[in-house]
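Architecture and fold: a report
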Amino acid sequence: MRDFEGKIVLITGASTGLGAAFAVGAATRGAKAVIVNYSKSQAEAEATAAAVRAAGAEAVLAQGDVAEDGDCRSIAAKAEPFGRIDCLVNNAGVTKFAPAHGDLDALEREDFQRLYAVNVVGPFQMLRAARPLLEASGRASVLMVSSIAGVTGIGSSIAYAASKGALNTMTLSLARVLGPKIRVNALCPGFIDTPWHEKGLGAEGAARVREGTKRATPLQAASTAEDIADAGLFFLSDASRHVTGETLLVDAGLHLGFASLSMR
Ligand code: NAD
(Lines give C-alpha, C1' and ligand atoms only; values in the text may rest on other atoms or scores of the structure.)
Protein backbone atom coordinates (compact mmCIF):
# COMPACT_ATOMS: atom_id res chain seq x y z
CA MET A 1 0.00 0.00 0.00
CA ARG A 2 1.46 3.42 -1.00
CA ASP A 3 -1.20 5.66 0.55
CA PHE A 4 1.39 7.95 2.21
CA GLU A 5 3.05 8.85 -1.09
CA GLY A 6 4.73 12.28 -0.77
CA LYS A 7 3.54 12.94 2.79
CA ILE A 8 5.56 14.80 5.41
CA VAL A 9 5.07 13.13 8.78
CA LEU A 10 6.15 14.32 12.24
CA ILE A 11 6.06 11.89 15.18
CA THR A 12 6.87 12.73 18.80
CA GLY A 13 8.56 10.14 21.00
CA ALA A 14 9.48 8.17 17.89
CA SER A 15 12.71 6.58 19.09
CA THR A 16 10.98 3.54 20.61
CA GLY A 17 7.80 1.50 20.74
CA LEU A 18 4.67 2.76 19.04
CA GLY A 19 6.28 5.96 17.75
CA ALA A 20 8.98 3.99 15.95
CA ALA A 21 6.30 1.70 14.45
CA PHE A 22 4.42 4.77 13.15
CA ALA A 23 7.64 6.13 11.63
CA VAL A 24 8.52 2.92 9.79
CA GLY A 25 4.87 2.27 8.84
CA ALA A 26 4.50 5.71 7.21
CA ALA A 27 7.84 5.32 5.40
CA THR A 28 6.92 1.85 4.13
CA ARG A 29 3.67 3.26 2.77
CA GLY A 30 5.43 5.94 0.73
CA ALA A 31 5.99 8.96 3.00
CA LYS A 32 8.48 11.44 1.57
CA ALA A 33 9.95 12.38 4.95
CA VAL A 34 9.52 11.42 8.60
CA ILE A 35 10.60 13.78 11.37
CA VAL A 36 11.63 11.62 14.32
CA ASN A 37 11.36 13.45 17.64
CA TYR A 38 13.08 12.08 20.73
CA SER A 39 13.82 13.57 24.12
CA LYS A 40 16.77 11.60 25.50
CA SER A 41 17.32 8.34 23.62
CA GLN A 42 19.46 9.53 20.70
CA ALA A 43 20.89 6.09 19.82
CA GLU A 44 17.40 4.60 19.56
CA ALA A 45 16.20 7.60 17.54
CA GLU A 46 19.08 7.05 15.12
CA ALA A 47 18.03 3.39 14.80
CA THR A 48 14.46 4.49 13.98
CA ALA A 49 15.82 6.99 11.43
CA ALA A 50 17.92 4.25 9.81
CA ALA A 51 14.82 2.02 9.54
CA VAL A 52 12.86 4.91 8.00
CA ARG A 53 15.60 5.45 5.41
CA ALA A 54 15.76 1.72 4.67
CA ALA A 55 12.01 1.88 3.97
CA GLY A 56 12.63 4.61 1.38
CA ALA A 57 11.82 7.90 3.16
CA GLU A 58 13.97 10.79 4.26
CA ALA A 59 14.47 10.84 8.06
CA VAL A 60 15.11 13.99 10.10
CA LEU A 61 16.01 13.80 13.79
CA ALA A 62 14.44 16.40 16.10
CA GLN A 63 15.56 16.42 19.71
CA GLY A 64 13.21 18.07 22.20
CA ASP A 65 10.96 17.71 25.23
CA VAL A 66 7.30 18.19 24.26
CA ALA A 67 6.59 19.60 27.73
CA GLU A 68 8.66 22.67 26.72
CA ASP A 69 6.96 25.08 24.34
CA GLY A 70 10.28 26.31 22.91
CA ASP A 71 11.27 22.72 22.12
CA CYS A 72 7.94 22.12 20.36
CA ARG A 73 8.62 25.14 18.15
CA SER A 74 12.10 23.91 17.23
CA ILE A 75 10.78 20.38 16.56
CA ALA A 76 8.09 21.77 14.21
CA ALA A 77 10.69 24.02 12.53
CA LYS A 78 12.48 20.88 11.29
CA ALA A 79 9.64 20.55 8.76
CA GLU A 80 10.04 24.08 7.38
CA PRO A 81 12.30 23.01 4.49
CA PHE A 82 9.41 20.80 3.28
CA GLY A 83 6.93 23.70 3.48
CA ARG A 84 4.21 21.68 5.23
CA ILE A 85 3.31 18.90 7.66
CA ASP A 86 0.68 16.43 6.44
CA CYS A 87 0.60 14.21 9.53
CA LEU A 88 1.41 14.95 13.16
CA VAL A 89 1.41 12.06 15.62
CA ASN A 90 1.41 13.21 19.24
CA ASN A 91 2.75 9.92 20.54
CA ALA A 92 5.19 10.92 23.31
CA GLY A 93 3.82 9.97 26.71
CA VAL A 94 4.82 9.18 30.26
CA THR A 95 3.26 7.57 33.28
CA LYS A 96 3.75 7.01 36.95
CA PHE A 97 3.12 3.38 37.84
CA ALA A 98 0.76 3.32 40.85
CA PRO A 99 -1.45 0.39 39.80
CA ALA A 100 -3.13 -0.03 43.21
CA HIS A 101 -5.58 2.77 42.47
CA GLY A 102 -7.03 2.65 46.00
CA ASP A 103 -3.73 3.81 47.46
CA LEU A 104 -4.29 7.52 46.97
CA ASP A 105 -1.03 8.33 48.79
CA ALA A 106 0.95 6.71 45.96
CA LEU A 107 0.45 9.87 43.87
CA GLU A 108 1.88 13.31 44.55
CA ARG A 109 0.74 16.59 43.07
CA GLU A 110 4.03 16.63 41.12
CA ASP A 111 3.09 13.30 39.45
CA PHE A 112 -0.11 14.84 38.07
CA GLN A 113 1.76 17.93 36.97
CA ARG A 114 4.48 15.98 35.14
CA LEU A 115 1.99 13.65 33.44
CA TYR A 116 -0.24 16.52 32.37
CA ALA A 117 2.77 18.51 31.13
CA VAL A 118 3.83 15.71 28.76
CA ASN A 119 0.53 13.93 27.96
CA VAL A 120 -1.84 16.91 27.64
CA VAL A 121 0.06 20.20 27.40
CA GLY A 122 2.71 18.58 25.17
CA PRO A 123 0.26 17.61 22.38
CA PHE A 124 -1.40 21.04 22.63
CA GLN A 125 1.93 22.86 22.31
CA MET A 126 3.08 20.60 19.46
CA LEU A 127 -0.11 21.18 17.51
CA ARG A 128 0.06 24.93 18.12
CA ALA A 129 3.70 25.04 16.98
CA ALA A 130 2.95 22.94 13.89
CA ARG A 131 -0.33 24.69 12.99
CA PRO A 132 0.96 26.97 10.19
CA LEU A 133 2.72 24.03 8.51
CA LEU A 134 -0.31 21.77 9.02
CA GLU A 135 -2.54 24.43 7.44
CA ALA A 136 -0.07 24.70 4.57
CA SER A 137 -0.81 21.02 3.84
CA GLY A 138 -4.50 21.71 3.33
CA ARG A 139 -5.29 18.03 4.13
CA ALA A 140 -3.51 17.59 7.45
CA SER A 141 -4.27 14.93 10.02
CA VAL A 142 -3.26 15.05 13.68
CA LEU A 143 -3.40 11.89 15.76
CA MET A 144 -3.36 11.95 19.56
CA VAL A 145 -2.03 8.73 21.05
CA SER A 146 -4.30 8.37 24.04
CA SER A 147 -5.21 5.16 25.90
CA ILE A 148 -8.01 2.87 27.00
CA ALA A 149 -7.10 4.31 30.42
CA GLY A 150 -8.63 7.64 29.36
CA VAL A 151 -11.94 5.96 28.51
CA THR A 152 -12.32 3.39 31.30
CA GLY A 153 -10.20 4.82 34.17
CA ILE A 154 -7.97 1.72 34.30
CA GLY A 155 -4.21 1.59 33.71
CA SER A 156 -0.93 2.39 35.37
CA SER A 157 -2.31 5.10 37.67
CA ILE A 158 -5.24 7.43 38.26
CA ALA A 159 -3.05 10.37 37.20
CA TYR A 160 -2.25 8.65 33.89
CA ALA A 161 -5.91 7.77 33.19
CA ALA A 162 -6.96 11.33 34.01
CA SER A 163 -4.31 12.77 31.67
CA LYS A 164 -5.47 10.59 28.78
CA GLY A 165 -9.12 11.44 29.52
CA ALA A 166 -8.14 15.10 29.24
CA LEU A 167 -6.38 14.37 25.96
CA ASN A 168 -9.55 12.77 24.59
CA THR A 169 -11.62 15.83 25.49
CA MET A 170 -8.98 18.16 24.05
CA THR A 171 -9.15 16.17 20.80
CA LEU A 172 -12.85 17.08 20.50
CA SER A 173 -12.23 20.78 21.14
CA LEU A 174 -9.36 20.97 18.66
CA ALA A 175 -11.21 18.99 15.97
CA ARG A 176 -14.09 21.46 16.23
CA VAL A 177 -11.96 24.56 15.70
CA LEU A 178 -9.21 23.40 13.33
CA GLY A 179 -11.28 22.18 10.41
CA PRO A 180 -11.51 22.28 7.48
CA LYS A 181 -7.75 22.19 6.95
CA ILE A 182 -6.79 20.05 9.94
CA ARG A 183 -8.43 16.85 11.22
CA VAL A 184 -7.81 15.73 14.81
CA ASN A 185 -8.50 12.22 16.12
CA ALA A 186 -7.47 10.09 19.09
CA LEU A 187 -6.29 6.50 19.25
CA CYS A 188 -6.87 4.59 22.48
CA PRO A 189 -4.71 1.46 22.63
CA GLY A 190 -5.16 -1.22 25.27
CA PHE A 191 -1.94 -3.10 25.98
CA ILE A 192 1.01 -2.54 23.62
CA ASP A 193 4.10 -4.72 23.83
CA THR A 194 6.70 -1.92 23.99
CA PRO A 195 9.47 -0.98 26.46
CA TRP A 196 6.78 0.93 28.42
CA HIS A 197 5.82 -1.91 30.80
CA GLU A 198 9.35 -3.18 31.35
CA LYS A 199 10.51 0.36 32.23
CA GLY A 200 7.80 0.65 34.87
CA LEU A 201 7.32 -2.89 36.14
CA GLY A 202 10.50 -4.77 35.24
CA ALA A 203 10.71 -7.80 32.92
CA GLU A 204 8.61 -10.06 35.17
CA GLY A 205 5.89 -7.46 35.66
CA ALA A 206 5.77 -6.80 31.91
CA ALA A 207 5.42 -10.54 31.22
CA ARG A 208 2.57 -10.75 33.76
CA VAL A 209 0.68 -7.89 32.09
CA ARG A 210 1.29 -9.41 28.63
CA GLU A 211 -0.09 -12.82 29.65
CA GLY A 212 -2.97 -11.25 31.60
CA THR A 213 -3.94 -9.21 28.53
CA LYS A 214 -4.08 -12.34 26.38
CA ARG A 215 -6.45 -13.93 28.92
CA ALA A 216 -8.60 -10.79 29.27
CA THR A 217 -9.19 -10.00 25.58
CA PRO A 218 -11.72 -11.63 23.25
CA LEU A 219 -9.01 -11.69 20.55
CA GLN A 220 -6.62 -13.36 23.06
CA ALA A 221 -3.91 -11.01 21.89
CA ALA A 222 -1.19 -8.83 23.36
CA SER A 223 -0.92 -6.19 20.64
CA THR A 224 2.43 -5.33 19.10
CA ALA A 225 3.35 -1.73 18.24
CA GLU A 226 2.66 -2.58 14.57
CA ASP A 227 -0.87 -3.87 15.39
CA ILE A 228 -1.67 -0.49 16.93
CA ALA A 229 0.20 1.67 14.39
CA ASP A 230 -1.69 0.03 11.51
CA ALA A 231 -4.99 1.25 12.99
CA GLY A 232 -3.50 4.70 13.63
CA LEU A 233 -2.21 5.00 10.07
CA PHE A 234 -5.85 4.89 8.94
CA PHE A 235 -6.45 8.19 10.76
CA LEU A 236 -3.37 9.70 9.12
CA SER A 237 -4.21 8.52 5.61
CA ASP A 238 -6.69 10.08 3.20
CA ALA A 239 -8.95 7.04 3.70
CA SER A 240 -10.20 8.82 6.85
CA ARG A 241 -10.52 12.23 5.12
CA HIS A 242 -14.05 12.73 6.49
CA VAL A 243 -13.24 11.60 10.04
CA THR A 244 -12.45 14.19 12.71
CA GLY A 245 -13.08 14.34 16.45
CA GLU A 246 -13.18 10.53 16.62
CA THR A 247 -11.80 8.30 19.37
CA LEU A 248 -10.94 4.72 18.44
CA LEU A 249 -10.24 1.93 20.92
CA VAL A 250 -7.64 -0.48 19.55
CA ASP A 251 -7.40 -2.99 22.37
CA ALA A 252 -8.15 -6.50 21.05
CA GLY A 253 -11.52 -6.06 22.78
CA LEU A 254 -10.09 -5.46 26.28
CA HIS A 255 -12.86 -2.97 27.12
CA LEU A 256 -15.55 -5.63 26.57
CA GLY A 257 -14.30 -7.60 29.57
CA PHE A 258 -15.53 -4.92 31.92
CA ALA A 259 -19.09 -5.07 30.63
CA SER A 260 -19.41 -8.82 31.16
CA LEU A 261 -17.78 -8.66 34.61
CA SER A 262 -20.49 -6.28 35.80
CA MET A 263 -23.16 -8.92 35.00
CA ARG A 264 -21.64 -11.61 37.23
P1 NAD B 1 7.62 3.96 24.97
O2 NAD B 1 8.09 4.24 26.35
O3 NAD B 1 8.42 3.07 24.10
O4 NAD B 1 7.40 5.33 24.17
C5 NAD B 1 7.18 6.57 24.76
C6 NAD B 1 8.13 7.53 24.08
O7 NAD B 1 7.85 8.88 24.49
C8 NAD B 1 9.59 7.24 24.46
O9 NAD B 1 10.38 7.18 23.28
C10 NAD B 1 9.98 8.44 25.32
O11 NAD B 1 11.35 8.76 25.25
C12 NAD B 1 9.10 9.52 24.69
N13 NAD B 1 8.90 10.65 25.59
C14 NAD B 1 8.55 10.64 26.90
N15 NAD B 1 8.49 11.88 27.37
C16 NAD B 1 8.79 12.71 26.34
C17 NAD B 1 8.89 14.11 26.21
N18 NAD B 1 8.65 14.91 27.25
N19 NAD B 1 9.21 14.62 24.99
C20 NAD B 1 9.45 13.83 23.93
N21 NAD B 1 9.39 12.48 24.02
C22 NAD B 1 9.07 11.94 25.20
O23 NAD B 1 6.14 3.40 25.14
P24 NAD B 1 4.96 3.24 24.05
O25 NAD B 1 4.11 2.15 24.56
O26 NAD B 1 5.47 3.18 22.67
O27 NAD B 1 4.16 4.61 24.30
C28 NAD B 1 3.75 5.45 23.24
C29 NAD B 1 2.41 6.07 23.57
O30 NAD B 1 1.44 5.02 23.68
C31 NAD B 1 2.35 6.85 24.89
O32 NAD B 1 1.63 8.05 24.69
C33 NAD B 1 1.54 5.94 25.82
O34 NAD B 1 0.83 6.67 26.77
C35 NAD B 1 0.63 5.25 24.83
N36 NAD B 1 0.07 3.97 25.27
C37 NAD B 1 0.89 2.92 25.59
C38 NAD B 1 0.31 1.71 25.97
C39 NAD B 1 1.15 0.49 26.29
O40 NAD B 1 0.58 -0.52 26.75
N41 NAD B 1 2.45 0.48 26.07
C42 NAD B 1 -1.07 1.59 26.04
C43 NAD B 1 -1.87 2.70 25.72
C44 NAD B 1 -1.29 3.87 25.31
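Our subject in this report is the structure included herewith. (Residues numbered from 1 in each chain as written. Predicted model: local features only at pLDDT ≥ 70, side-chain atom pairs only at ≥ 80, totals over all residues. Heavy atoms only, no water.)

**Points about the side chain of Ser 15**
Secondary-structure assignment places Ser 15 in the loop between β1 (8-11) and α1 (17-28). Judged by relative accessible area, which is 11%, Ser 15 ranks as buried. Apart from the residues lying within four places of it in its own chain, the contact partners of Ser 15 are Ala 20, Asn 37, Tyr 38, Ser 41, Glu 44, Ala 45 and Thr 48. (Helix = DSSP H or I, 4+ residues; strand = E, 2+ residues; numbered from the N terminus. Buried < 20%, exposed > 50% of the residue type's maximum accessible area, 1.4 Å probe, protein only. Contact = heavy atoms within 4.5 Å.)

**Some thoughts on the nonpolar core**
When a protein is soluble and globular, its nonpolar side chains tend to lie buried together. With 35 residues, the main nonpolar core has Leu 88, Met 126, Leu 127, Leu 134, Val 142, Met 144 and Val 184 as its most contacted residues. Among the secondary structure elements, those contributing two or more residues to this core are β1, β2 (33-38), β3 (58-63), α3 (69-77), α4 (109-137), β5 (140-145), α6 (158-178) and β6 (182-189). Discounting chain neighbours no more than four positions away, the residues touching Met 126 are Leu 10, Thr 12, Val 66, Cys 72, Ile 75, Ala 76, Leu 88 and Asn 90. Of all hydrophobic cores here, the second largest spans 33 residues; its members include Ala 27, Val 34, Val 145 and Leu 187. (Core = buried A, V, L, I, M, F, W, Y, C linked by side-chain atoms within 4.5 Å.)

**Some points on the pairing of β2**
Judged by how many residues are buried, β2 sits mostly within the fold: six of six residues are covered. Residues of β2 alternate between two faces, with Ala 33, Ile 35 and Asn 37 on one and Val 34, Val 36 and Tyr 38 on the opposite face, all of them buried. Bridge count for β1 against β2 is four bridges, and the pairing is parallel. Residue pairing for β2: Leu 10 is matched across the bridge by Ile 35. In this fold, β1 hands off to α1, which returns the chain to β2; that crossover is right-handed. The pairing of β2 with β3 spans six bridges and is classified as parallel. (Pairing = 2+ DSSP bridges. Right-handed = clockwise from strand over helix to strand, strands pointing away.)

**Quick notes on the site of the ligand**
With respect to spatial proximity, 29 residues lie near the ligand, and among them Asp 65, Tyr 160, Thr 194, His 197 and Lys 199 are the closest. Interatomic distance of 2.7 Å between a side-chain N/O atom of Asp 65 and a nitrogen atom of the ligand. Thr 194 places a side-chain nitrogen or oxygen 2.6 Å from an oxygen atom of the ligand. Alone, the ligand offers 820 Å² of accessible surface; in the complex the protein occludes 95% of this. (Near = heavy atom within 4 Å. Polar contact = N/O pair within 3.5 Å; in protein donor to acceptor, adjacent residues only side chain to side chain. Areas by Shrake-Rupley, 256 points an atom, 1.4 Å probe, with all protein chains shown as cover.)

**Quick notes on the pattern of salt bridges**
Using the criterion set out here, one finds twelve salt bridges in the structure. Two residues, Asp 3 and Arg 29, come together in a salt bridge whose shortest N-O distance is 2.8 Å. Taken together, the residues span a long stretch of sequence, with Asp 3 in the segment before β1 and Arg 29 in the loop between α1 and β2 at a distance of 26 residues. The exposure class assigned to Asp 3 is partly exposed, which follows from its relative accessible area of 24%. (Salt bridge = Lys/Arg side-chain N within 4 Å of Asp/Glu carboxyl O.)

**Some points on the packing of α3 against α4**
Packing of α3 against α4 leaves a shortest axis separation of 9 Å and a crossing angle of 40°. For the element pair α3 / α4, the angle class is oblique. Relative to α4, α3 is oriented so that their crossing is right-handed. Of the residues in α4, those in contact with Asp 69, Cys 72, Arg 73, Ile 75 and Ala 76 of α3 are Gly 122, Gln 125, Met 126, Arg 128, Ala 129, Ala 130 and Leu 133. Here the residues of the contact of α3 with α4 are counted per class, giving seven nonpolar, two polar and three charged. (Axes fitted to C-alpha atoms, helices over the stretch in contact; angles between N-to-C directions. Parallel < 35°, antiparallel > 145°, perpendicular 65-115°, else oblique. Left-handed = near helix turned anticlockwise from the far one by under 90°. Nonpolar A, V, L, I, M, F, W, Y, C, P; charged D, E, K, R; others polar.)

**Quick look at a negative patch on the surface**
Taken together, the side chains of Asp 103, Asp 105, Glu 108 and Glu 110 define an acidic patch exposed on the protein surface. Its place among the elements puts Glu 110 in helix α4. Classification of Glu 110 by relative accessible area gives partly exposed; the value is 46%. (Patch = residues over 30% accessible without salt bridge, like charges linked within 9 Å, V, L, I, M, F, W, Y side chains within 5 Å. Lys, Arg positive; Asp, Glu negative; His and termini not counted. Charge placed at Lys NZ, Arg CZ, Asp CG, Glu CD.)

**Digging into the sheet that holds β5**
Strands sit in the order β3-β2-β1-β4-β5-β6-β7 across an open sheet of seven strands; the sheet is parallel. The open sheet has two edge strands, β3 and β7 (247-250), and neither has a second partner. Averaged over all pairs of adjacent strands, the angle between their axes in this sheet comes to 20°, without regard to strand direction. Inspection of the sheet shows β1 paired to strand β4 (residues 87-90) by three bridges, in the parallel sense. Within β4, the position partnered with Val 9 by the bridge is Cys 87. Across the sheet, helix α2 (residues 42-54) touches β2 and β3, and the angle it forms with β3 is around 160°.

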